[in-house]
Protein chains: 2
Amino acid sequence: MEVVPLVMRHIRSEMRTHRMRGLSLPQFRTLIFLNRNEGACLSQVAEHVGVTLASASKVVNALAERRLVIRMTLRNDRRYVSLKLSKLGIATLIRAREDTEAHLAERITELSPEQQVTVFAALLALRGSFADQQAPSNEKER
Amino acid sequence: MEVVPLVMRHIRSEMRTHRMRGLSLPQFRTLIFLNRNEGACLSQVAEHVGVTLASASKVVNALAERRLVIRMTLRNDRRYVSLKLSKLGIATLIRAREDTEAHLAERITELSPEQQVTVFAALLALRGSFADQQAPSNEKER
DNA sequence: TATTGTTATACTCTATAACTATA
DNA sequence: TATAGTTATAGAGTATAACAATA
């Protein structure tokens, strides 16, 4: 409860001060997800980012207006929207990620090698515990 | 970059679904800070929460309107605002914290005892690295 | 003149609810 | 009738810039 917001603050602060090509955190995370899941639909984005469909729609819309994301209607079932990054989106994501990771890495470097190993192990454990949590808590209530 | 937002999402999700007496995360963190630093001024809140003075002013204003925080002008230097929790604020904070911590604890319990130790050590290390980043010059011993 | 805080303005994120389009 | 997505509306958080009050 205490540490996570500290780290979040740092990430956001870095993203602000280094512009990040003007990406907000939800936008950034959406780009990351679409980079690894080309052709995903909006519902999948919403579930992954952990927001409602309506919120995801707005975030994706902003990204589409900036030509970072391409929206296409599926032929099979025209209710679905297929999403993927444009070339500009990919380039933007790469540069944004490099910037932010570099600054996070700087922080981590301040820790001892043992602490770095500990942090890495802990994050893996936390990911295992938290990563699959949004599916049950998000799907059932809709 | 990947795990921290997951945990944040979980915290926020818990806060939403369990109402948290309608506290947002910045409001919650502000109450926590004031609980441990009675009489702190607005600038200290802003620095601790990691936002600008203007943003802190808005958050505190919302808390004051809900009678959770009491604002008082300092006699010595009337530019300063002294902040503290009301009784209602204290009660609200306690219940909110109990709820959220209980749910976080549930998650952590899913990890093995070794993993729990690892997570704890990692959070300590991260706190050491990230906590003083906001206020390198503010070394009060409170 | 410097410092503390507030207000004005503008933007993003977020939710819920109502709506459209498709199946 | 059910599902995917959008739009409308509202509220909170955030920033910068301009302002007020105090020292």
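Above this text you will find the structure in question.
The residue numbers shown here count from 1 along each chain, following its written sequence. Working convention: letters from A go to chains and numbers from 1 go to ligands, in the order in which they are written. Local features in this predicted model are restricted to residues whose pLDDT is 70 or higher, and side-chain atom pairs enter the listing and the counts only when it is 80 or higher, whereas totals over whole chains, interfaces and linings include all residues. Side-chain metrics rest on all non-hydrogen atoms present in the structure, leaving aside hydrogens and water.

Further remarks concern the protein's contact with DNA strand C. Residues in contact with DNA strand C amount to 23 residues; listed here are only the nearest, Ser24(A), Ser55(A), Arg78(A), Ser43(B) and Ser57(B). A cutoff of 4 Å decides nearness: a residue is near a molecule or strand if any of its heavy atoms lies inside that distance of it. Here, DNA strand C places atoms within 4 Å of the protein, and 74% of those atoms are sugar or phosphate. As used in this structure description, the phrase polar contact means that two N or O atoms lie within 3.5 Å; if the pair is within protein, one of them must be able to donate a hydrogen and the other to accept it, and residues adjacent in sequence are counted only when both atoms belong to side chains. With respect to DNA strand C, the backbone of Thr52(A) contributes an N or O atom lying 3.0 Å from a phosphate oxygen. Residue Arg79(B) places a side-chain N or O atom 3.3 Å away from a sugar or linking oxygen belonging to DNA strand C. At the level of elements, helix 2 (25-36) and helix 4 (53-65) of chain A together with helix 3 (42-49) and helix 4 (53-65) of chain B are the ones that each hand at least two residues to the surface near DNA strand C. Under the convention adopted here, Pro, Cys and the residues Ala, Val, Leu, Ile, Met, Phe, Trp and Tyr are nonpolar, Asp, Glu, Lys and Arg are charged, and Gly plus all remaining residues are polar. Across the surface near DNA strand C, the residue classes tally to nine nonpolar, seven polar and seven charged. Labels follow the DSSP assignment, with helices taken as runs of H or I lasting at least four residues and strands as runs of E lasting at least two, numbered in each case from the N terminus.

The next point concerns the pattern of salt bridges. When a carboxyl oxygen of Asp or Glu is within 4 Å of a side-chain nitrogen of Lys or Arg, the pair counts as a salt bridge. Taken as a whole and assessed by the stated rule, the structure comprises two salt bridges over all chains. Put simply, Asp77(A) and Arg79(A) hold a salt bridge, and the shortest N to O gap is 2.8 Å.

Moving on, we come to the protein's contact with DNA strand D. Around DNA strand D, a shell composed of 24 residues is seen, among which Ser43(A), Ser57(A), Ser24(B), Ser55(B) and Arg78(B) lie nearest. In DNA strand D, atoms within 4 Å of the protein come from the sugar-phosphate backbone in 74% of cases. Take Leu42(A): an N or O atom from its main chain is 3.3 Å from a phosphate oxygen of DNA strand D. Measuring from a phosphate oxygen of DNA strand D, one finds a side-chain N or O atom of Ser43(A) at 2.5 Å. Going through the elements one at a time, helix 3 (42-49) and helix 4 of chain A together with helix 2 (25-36) and helix 4 of chain B are the ones with two or more residues in the surface near DNA strand D. It is helix 4 of chain B that provides the largest number of residues to the surface near DNA strand D, a total of four residues. Residue classes in the surface near DNA strand D are distributed as 10 nonpolar, seven polar and seven charged.

Any two packed helices are characterised by how steeply their axes cross, that is the angle between the axes, and by the distance between the axes. Residues and elements named next belong to chain B. Contact geometry for helix 2 and helix 4: axes closest at 10 Å, N-to-C directions at 80°. By the criterion of interaxial angle, the relationship of helix 2 to helix 4 is roughly perpendicular. Judged by residue contacts, Pro26, Gln27, Thr30 and Leu31 of helix 2 engage Val59, Val60, Ala62 and Leu63 from helix 4. Residue classes in the contact of helix 2 with helix 4 are distributed as six nonpolar, two polar and no charged. Orientation is described by lines fitted to C-alpha atoms, with helices fitted over the stretch in contact, and by angles between N-to-C directions that extend from 0 to 180 degrees. Orientation categories follow fixed angle ranges, with anything under 35 degrees roughly parallel, anything over 145 roughly antiparallel, 65 to 115 roughly perpendicular, and all other angles oblique. We call two residues contacting when some pair of their heavy atoms lies within 4.5 Å.

Another point: the packing of helix 3 of chain A against helix 4 of chain A. Residues and elements named next belong to chain A. Two elements in contact, helix 3 and helix 4, have axes separated by 9 Å at closest approach and are oriented at 105°. One way to sum up the angle between helix 3 and helix 4 is to call them roughly perpendicular. Along its contact with helix 3, which presents Leu42, Ser43, Val45 and Ala46, the element helix 4 presents Leu53, Ala56, Ser57 and Val60. Taken together, the residues of the contact of helix 3 with helix 4 break down into six nonpolar, two polar and no charged.

The next thing to look at is the side chain of Ser82(A). All names here are of chain A. By the element assignment, serine 82 lies in strand 2 (residues 81-85). With a 1.4 Å probe rolled over the protein chains alone, any residue whose accessible area is under 20% of its type maximum counts as buried; one over 50% counts as exposed, and the rest are partly exposed. On the basis of relative accessibility, which here comes to 14%, the residue serine 82 falls in the buried class. Each residue touching serine 82, except ones within four places of it in the same chain, is listed here: Gly39, Ala40, Ile70, Arg71, Met72 and Leu74.

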